[in-house]
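An overview of the molecular structure
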Amino acid sequence: MNVSVGVEHLNKLLPLKARQDALDSVLRNLHQEVLQSFTTTGRPLSRAQIAARPGAVNVDDMLSQLAADDLVVLSADRQDITGAYPFTIEERVHKVHVNGQDVYAMCALDALSIAPMFDASTRILSRCHVTNTPVDIKMNAERILSAIPDDVHVGIRWQATSGCAAKSLCMEMVYLKDADTARQWQQQDSDNISIYSLDQAVEFGAAFFRPLLNT
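The following refers to the structure shown. Since this is a predicted model, take the numbers as computed values, not measurements.

About the cut-offs
- Residues numbered from 1 in each chain as written.
- Predicted model: local features only at pLDDT ≥ 70, side-chain atom pairs only at ≥ 80, totals over all residues.
- Heavy atoms only, no water.
- Helix = DSSP H or I, 4+ residues; strand = E, 2+ residues; numbered from the N terminus.
- Rg over C-alpha atoms; globule rule 2.2 N^0.38 Å.
- Buried < 20%, exposed > 50% of the residue type's maximum accessible area, 1.4 Å probe, protein only.
- Contact = heavy atoms within 4.5 Å.
- Areas by Shrake-Rupley, 256 points an atom, 1.4 Å probe, with all protein chains shown as cover.
- Lys, Arg positive; Asp, Glu negative; His and termini not counted.
- Charge placed at Lys NZ, Arg CZ, Asp CG, Glu CD.
- Pairing = 2+ DSSP bridges.
- Axes fitted to C-alpha atoms, helices over the stretch in contact; angles between N-to-C directions.
- Salt bridge = Lys/Arg side-chain N within 4 Å of Asp/Glu carboxyl O.
- Core = buried A, V, L, I, M, F, W, Y, C linked by side-chain atoms within 4.5 Å.
- Polar contact = N/O pair within 3.5 Å; in protein donor to acceptor, adjacent residues only side chain to side chain.

Before going further, it helps to examine the overall build of the protein chain. Across its full length, the protein chain carries 8 helices and 11 strands. The C-alpha atoms of the protein chain give 17 Å as radius of gyration, which agrees with the globular expectation for 215 residues (17 Å, within 12%). For the protein chain, the spread of C-alpha atoms along the three principal axes comes to 55 × 35 × 30 Å. Counting the 215 residues in the protein chain, one finds 51% classified as buried. For the protein chain, the proportion of contacts with a sequence separation of at least 24, taken over those separated by at least 6, is 58%. Approximately 9,700 Å² of the protein chain is accessible, and the part contributed by carbon and sulfur atoms is 45%. Each charge sign in the protein chain was given a centre, from 19 positive and 26 negative side chains, and these centres are 3 Å apart.

Right, here's the structure in full:
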C-alpha cells in the first residue's frame, strides 16, 4: 500500500481531521491547544486550564465529546486527558524528545509525525517490534538527520479501531530494524500488513497529522 493510499485508508479507520472539522470552534480550538500543550509542557491541558478557556461551559461534556470522537483518550475516571494522537502520557515504547520535553507517542508512525507536524527537532528512542533492537532517530521537521539502525522500517497491521485506536490499531504500528525483518513480519499476515521505509513513513505521518493544526 503506497503512502497516499495508506493515508486515505487510515483516514477511513481513524478520521481525526473530519471529526475535528465537525466540532464547534470552542472544541476544535481546545483540541488544537491540547496538541500544542504536549510539545510545550510535555502534558495535555489540565481540567483547570480547560475550564479557564474562553467559551468553556461544562468540562465533563467537552471531554466526553472529544473522547467519543476518539480525538482524545481519557483517564479511567474520565476526568482528565491522557492522550491526543500522536501523544500520550502513558508510558509506551516510543519516547520522543521535543522542545526540551520528553513525551510518549501512541505508535511508531505517531512518533515520526511530531517533528513535521510542529516543524520541530525531535529525537525518538524506541525498539524494533520483532528483535527488541534499540531504535534511535533524530529529525528536523520532515528531514531524517540520523537513524540507528540505518535501515529502520515502519510496519502497520491494519485493523479496526474498536472505538479507541490507542488500544488497538496503534499497538501494531511499529518499528522494524531493517528490510529483512520487515518482510518476515509482513509474511505473518501479508493481506493486512503494510511496510514503509523511514522516509515514506515520515511523509505518511506528516500528511495525516499536519491538517489537525490547520484552522
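Pairing between sheet strands relies on hydrogen bonds along the backbone, with the strands arranged either parallel or antiparallel. Pairing within the open sheet is antiparallel, and its 8 strands lie in the order E1-E2-E3-E5-E4-E6-E7-E8. Bordering the open sheet on either side are strand E1 (73-74) and strand E8 (143-148), each of which pairs with just one other strand. Here strand E4 (residues 95-98) runs beside strand E5 (residues 101-105); their pairing, made up of 4 bridges, is antiparallel. In the sheet register, Lys95 faces E5, and the bridge partner there is Tyr104. Across the sheet, helix H3 (residues 25-41) touches strand E2 (81-84), strand E3 (87-88), E4 and E5, and the angle it forms with E2 is around 100°. Contacting strand E7 (134-140) and E8, helix H8 (residues 198-209) crosses the sheet at an angle of about 135° to E8.

For strand E9 (residues 153-157), a buried count of 5 out of 5 residues is recorded, marking the element as mostly surrounded by other parts of the structure. Going residue by residue along E9, you find His153, Gly155 and Arg157 tucked away on one face and Val154 and Ile156 tucked away on the opposite face as well. Of the pairings in the sheet, the one linking E9 to strand E10 (residues 173-176) comprises 4 bridges and is antiparallel in character. Directly across from Ile156, in E10, lies its bridge partner Met173.

If you trace the 3 strands from one edge of the open sheet to the other, you get E10-E9-E11, paired in antiparallel fashion. Only two strands of the sheet have a single partner each, and these edge strands are E10 and strand E11 (193-197). Sheet twist, expressed as the average angle between the axes of neighbouring strands with direction ignored, equals 25°. Across the face of the sheet, H8 comes into contact with E9, E10 and E11 while running at roughly 105° to E11.

We now examine the pattern of salt bridges. Under the definition given, this model contains 11 salt bridges. A salt bridge links Glu8 to Lys12, with the shortest nitrogen-to-oxygen separation between them at 3.9 Å. Of this pair, Glu8 and Lys12 are both found in helix H1 (residues 3-13), 4 residues apart, which corresponds to roughly one turn of the helix. The closest approach of N and O atoms between Arg47 and Asp60, which form a salt bridge, is 3.0 Å. Here the residue Arg47 occupies a position in helix H4 (residues 47-51), and Asp60 occupies one in helix H5 (residues 59-68), the gap between them amounting to 13 residues. On the basis of relative accessible area, Asp60 is assigned to the partly exposed category, the value being 33%. Within the structure, one salt-bridge network assembled from shared partners comprises Arg157, Glu172 and Asp189.

Moving on: the nonpolar core. In this structure, Leu10, Tyr85, Leu112, Ile137, Tyr175 and Phe204 are the most contacted members of the largest nonpolar core, which totals 65 residues. The greatest single-element share of this core, amounting to 8 residues, is contributed by helix H6 (residues 108-118). Grouped together as the second largest cluster of nonpolar side chains are 5 residues, Val174, Leu176, Ala182 and Trp185 included.

Note that His94 resides in the loop between E3 and E4. A polar contact is formed between the side chain of His94 and the backbone nitrogen of Ala108, at a distance of 3.4 Å. A distance of 2.7 Å separates polar atoms of two side chains, one belonging to His94 and the other to Ser126. If we ignore the near neighbours within four places in the chain, the residues touching His94 are Val103, Tyr104, Ala105, Met106, Cys107, Ala108, Ala111, Leu125, Ser126, Met173 and Tyr175.

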